[in-house]
Amino acid sequence: MSQASQYASPAVWIVESLLVFFILWKILSARRGRELFIRRIPGLSALDEAVGRATEMGKPILFAPGLSGLDIVGLQSMAILSHVVRKAARYGTRVIVPLADPVLYTVAEEVAKDAYNAEGVPERFDPEDVRFLSDRQFAWASGVVGILHREKVASALYFGYYFAESLILAENGQMVGAIQVAGTPATTQIPFFLASCDYTIIGDEYYAASAYLSREPTLLGSLVGQDLGKLVIIGIIVLGAIAFTAQAVCPAVGWLCDFTATIAKYFPRS
Amino acid sequence: MMGSVWNWIAAPRYGWQFAVFLCGALSLGCLALIMLTSTPPRYRKTIVAAVTFLAGLYYAFEFLIPPAFWPLEPPRNPLSEVQPLVATLTQIIWSFALLLGVWNLFVIHGRAVVKRGRGWCNSAAFFISFLAILGAGLLKDYTQGSTIRKASESVFTILFSGFLTSLDATMFSLIAFYIVSAAYRAFRVKSLEAGLMMAAAAIIMLALVPVGAEITNWLPQSGILSALRVERVGYWLLTSPNMAAQRAIAFGIAVGSLAMGLRIWLSLERGNFFDRQL
């Protein structure tokens, strides 16, 4: 990587400033009590269905955070885990959490313990249900596959960062007849989850999960701010496309050339 | 200046210096832990929020402030010089947590062996393989005698390259079979969308094999009709509709992760785990 490319360019400054402004503005307005609407996300609504199915069948739920570490993806995964464990604890259903990252393992253990405490059933928490398997990708995958088959899980939830092991897990989940819900920001793995899972949460829906499940005003505000930020990005793309197309059609228009040159200066092609 | 101070702190130490630094680090860690636990609960969250904010501020300044801003010659961002040290600190935390992970494995498999429940042999296999590779690895790195070292190197190579790498490759190769069964389910034409996906997949598959190009070989190589050649349609599907969708998803993910990062940095994140009493 060149020395220049490791620091923020003017385009990054402009776009990030706008995004941060919209997100903070909407968080503050949501905290002041403004009602905000978010559309239904079937994959997230299916989490309750997955817990209900496992409860009816008297079998455990598997919650796999993939190969995520203690980062944004992993923390979002833990937020979803907390919701799932609370629901499951209410009905006395086990949730097995196999982990590949030792740091996230310690967090997951605390999250599960807290969820049982919050539901008033701390005695139902079994430390062996939150397991560190291995930090090697396929060793972890084979461990999870083993759990899927041995425990005959009724529901398998995959929320986190996945690589090639996604299909191995989802296909084995199919084999044991589990209802499967997946959510990952790894765009390369989304097709595999779509093919094998009952519900798949795509792209930024993954980051909407905590807001959607908790309906907490701060998180809802952040979600609406994100959408405004996306509108800004769409606006920049459309404006740039129109300007450059117009310049190609009418190359002699001076102000158009100046305008496209300014865009090219601040948003250079990488 | 800042970089050199940190470099001095982070430089490798040996002998008595290593012992002094290790004891110092442990004492500081214990002191910080005692201070945090003796702090009234209502202030603990504030301390954690302040530490989170300062840690995030480092990365924000490191990335956002260009080298030209700093009054240094040659122009450079002094915060970048500390980055290797920050990465090392992260690795150290990870190593400590790994011990906890290993302890968890020992507890779960130890209980399985003691109870002699179903599949206890698998748990016994864990202990055997763990101790074998640990022993071979330690002997390989820390023995002086050439015979023991050579023998342990051979054992380590057999265990690592012979077993572990082969098992990894086995798991990876299973994906080929799973792709077939997943594709069978995905390509069943049950709706208009599934039909469109099936057609797109068929065109791309044909575009990637010689027989596909042969099918539309009768079309001209140039001109309007050439756009209907299978390889060109396949290329267009991959680089236009597919790429546009992928970029749209990537934009959404980037904005989502920025929002989540901002919430955590400013301690605005909510939920059971984040709202808990510390």
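Caption draft 1: Region of the structure containing the interface of chain A and chain B. On the chain B side, the residues contacting the 54 residues of chain A number 48 residues. When the residues that make up the side of chain A that touches chain B are grouped by side-chain class, the tally is 31 nonpolar, 14 polar and nine charged.

Caption draft 2: View of the nonpolar core. All names here are of chain A. Among the nonpolar cores identified, the biggest contains 94 residues, and Ile61, Leu62, Val84, Ala108, Leu157, Tyr158 and Ala209 are the most heavily contacted of them. The greatest single-element share of this core, amounting to ten residues, is contributed by helix H3 (residues 72-91). Apart from the residues lying within four places of it in its own chain, the contact partners of Leu62 are Ile96, Ile147, Leu148, Val153, Ala156 and Leu157.

Caption draft 3: Molecular detail of the pairing of strand E5 (residues 179-184) of chain A. All names here are of chain A. Of all the six residues making up E5, six are buried; the element is thus mostly covered by neighbouring parts of the structure. With burial as the criterion, each face of E5 is covered, one bearing Ile179, Val181 and Gly183 and the other bearing Gln180, Ala182 and Thr184. For strand E4 (residues 155-161) and E5, the ladder comprises five bridges, and the chain directions are parallel. For Phe159, the partnering residue across the bridge sits in E5 and is Gly183. The sheet contact formed by E5 and strand E6 (residues 199-202) spans four bridges and is parallel. Within E6, the position partnered with Ala182 by the bridge is Thr200. With respect to chirality, the unit in which E5 leads through helix H7 (residues 190-196) into the neighbouring parallel E6 is right-handed.

Caption draft 4: Up close: the domain arrangement of chain A. Residues and elements named next belong to chain A. If you check the domain split of chain A, you get domain 1 (9-35 + 217-266) and domain 2 (42-214). For domain 1 and domain 2, the distance between their C-alpha centroids amounts to 35 Å. Facing the five residues of domain 1 at the interface are five residues of domain 2. Within the side of domain 1 that touches domain 2, the residues separate by chemical class into three nonpolar, two polar and no charged.

What counts and how
- Residues numbered from 1 in each chain as written.
- Chains lettered and ligands numbered in written order.
- Predicted model: local features only at pLDDT ≥ 70, side-chain atom pairs only at ≥ 80, totals over all residues.
- Contact = placed C-beta atoms within 7 Å.
- Nonpolar A, V, L, I, M, F, W, Y, C, P; charged D, E, K, R; others polar.
- Core = buried A, V, L, I, M, F, W, Y, C linked by C-beta atoms within 7 Å.
- Buried ≥ 20, exposed ≤ 12 C-beta atoms within 10 Å, placed from the backbone.
- Helix = DSSP H or I, 4+ residues; strand = E, 2+ residues; numbered from the N terminus.
- Pairing = 2+ DSSP bridges.
- Right-handed = clockwise from strand over helix to strand, strands pointing away.
- Domains from an automatic or database assignment.

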